[in-house]
Amino acid sequence: MFSDRSYSEVNREERFFCFLLGHALLMSKQVRIGFAKLAQRKCNVSLDPENLEVFVEAAALRDYWRELGDPVDYFPETHEGRKAVLKKIFEKYHLPEDILDKHDLFWTSTKKLWNPNHWNEKALAEAGLKELIKVKWAFNAKPDILLVSPESMLVIEAKVESGEGCKADTDYRQLDVQELIIDLWKLLIPEFAKREIRLALLNLSGTHEKVPVIKWSEIIDLISGSDVDAFTRNAIAQLNDKYKK
């Protein structure tokens, strides 16, 4: 028999706590102001609490790729748009554009250009294009939280119980991929290119050797004394138990 505690007391899902933070930022000016000060101090980024957009699991590369056109109704404009994006990516890695015509791995069976998140990693390696495997990882990834202000953006990778993601027998490191995502955003998305973009880690320990860190305890302090709803305050306060452990 399980315990008689409420689900909010036992929930361990990182996405749940990201949702709570996003909700608190959207509903409370007090939380936005406090978080903007925290982000400035910890991450050296200026977020406007009066004009802040909040996205959870932001798959921007895939979303902008889909905005190029319907993959079913594959019009010439869609093809040319996809080709232009791939050309920019190839230029970043000093690869010639004509590799599209040399390798089937870039094409579907119906002769449409694949979204990079569908590229075959083994085929890329065999074609001598291992550097593009990281591009595939970037198109597959979804940063936990993206905060957008008129002049700046903050990408947040959130951790509760898990560590930094990695893949056995590869050089995949989650935060390295997040940095590549930011590079690709600036290269390919005009709306993002005009903003300063910073990366931060949100975790329990408050330390990392590569990126600035915001601690969940600092988020708890912001929300616990705010005007957000009782459920959000109480649910996010459950993270205090993680610190005790």
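Quick caveat, the model's predicted, so the values are computed rather than measured. As a convention, each chain's residues are numbered from 1 in the sequence order in which they are written. Per-residue local features of the predicted model are confined to residues with pLDDT of at least 70, and side-chain atom pairs are confined, for both listing and counting, to 80 or more; whole-chain, interface and lining totals are unaffected and use all residues. The side-chain values count all of the structure's non-hydrogen atoms but skip hydrogen atoms and water molecules.

Caption draft 1: Seen up close, the sheet that holds strand 5 (residues 213-215). Strand pairing is assigned whenever DSSP identifies at least 2 bridges connecting the two strands. By the criteria applied, helices consist of DSSP H or I runs no shorter than four residues and strands consist of E runs no shorter than two, each listed in order from the N terminus. Taken in spatial order, the five strands line up as 1-2-3-4-5 in an open sheet, and their pairing is mixed. The open sheet terminates on both sides in strands that have one partner only, identified here as strand 1 (53-56) and strand 5. Pairwise comparison of adjacent strand axes, ignoring direction, gives a mean angle of 25° for this sheet. In this fold helix 9 (residues 174-188) packs onto strand 2 (145-148), strand 3 (152-158) and strand 4 (196-203), with an angle of close to 160° to the strand it touches most, strand 4. Only heavy atoms matter for contacts: two residues are in contact if any of them lie within 4.5 Å across the pair. For helices, the fitted line uses only the C-alpha atoms of the stretch in contact; every axis is such a line through C-alpha atoms, and the angle between N-to-C directions lies from 0 to 180 degrees. Of the strands in this sheet, strand 3, strand 4 and strand 5 touch helix 11 (residues 216-224), which is tilted by about 50° from strand 5.

Caption draft 2: Region of the structure containing the state of the cysteines. Cysteine sulfurs are considered disulfide-paired once they come within 2.5 Å of each other. A complete count under the given rule lists zero disulfides for this structure. Cysteine C18 remains unbridged, with the sulfur of C43 as its closest cysteine sulfur at 14 Å. To sort residues, take the accessible area from a 1.4 Å probe on protein chains only and compare it with the maximum for the residue type: under 20% means buried, over 50% means exposed, and anything in between is partly exposed. A relative accessible area of 1% places C18 in the buried class. On the basis of relative accessible area, C43 is assigned to the buried category, the value being 4%.

Caption draft 3: Region of interest: the packing of aromatic side chains. Two rings from Phe, Tyr or Trp (for Trp, the six-membered ring) form a pair when their centres sit within 6.5 Å of each other. Planes less than 30 degrees apart are called stacked, planes more than 60 degrees apart edge-to-face, and all others tilted. Going through the model one piece at a time under the given rule, you end up with eight aromatic pairs. An angle of 65° between the planes, with centres 6.1 Å apart, marks the rings of F17 and W216 as edge-to-face. Separated by 199 residues along the polypeptide, F17 in helix 2 (residues 14-27) and W216 in helix 11 bring together distant segments of the chain. Comparing F17 with W216 shows no difference in burial state: the two are buried. Among the aromatic residues, those joined into a cluster by ring pairs are F16, F17, W216 and F231. Residue placement shows K92 over the ring face of Y93; its charged tip is 5.7 Å from the ring centre. Whether a charge sits over a ring depends on NZ of Lys or CZ of Arg being within 6 Å of the ring centre and within 35 degrees of the ring normal.

Caption draft 4: Examining unusual backbone geometry more closely. Non-glycine residue H94 carries a positive phi angle of around 55°. On the secondary structure map, H94 appears in the loop between helix 5 (76-92) and helix 6 (99-102). In the Ramachandran plot, K111 falls in the positive-phi region, its phi being about 65° despite a non-glycine side chain. Its place among the elements puts K111 in the loop between helix 6 and helix 7 (121-126). Residue classification places K111 among the exposed positions, given a relative accessible area of 57%.

It is worth stressing that arrangement in space is one thing and function is another; only the former is reported here.
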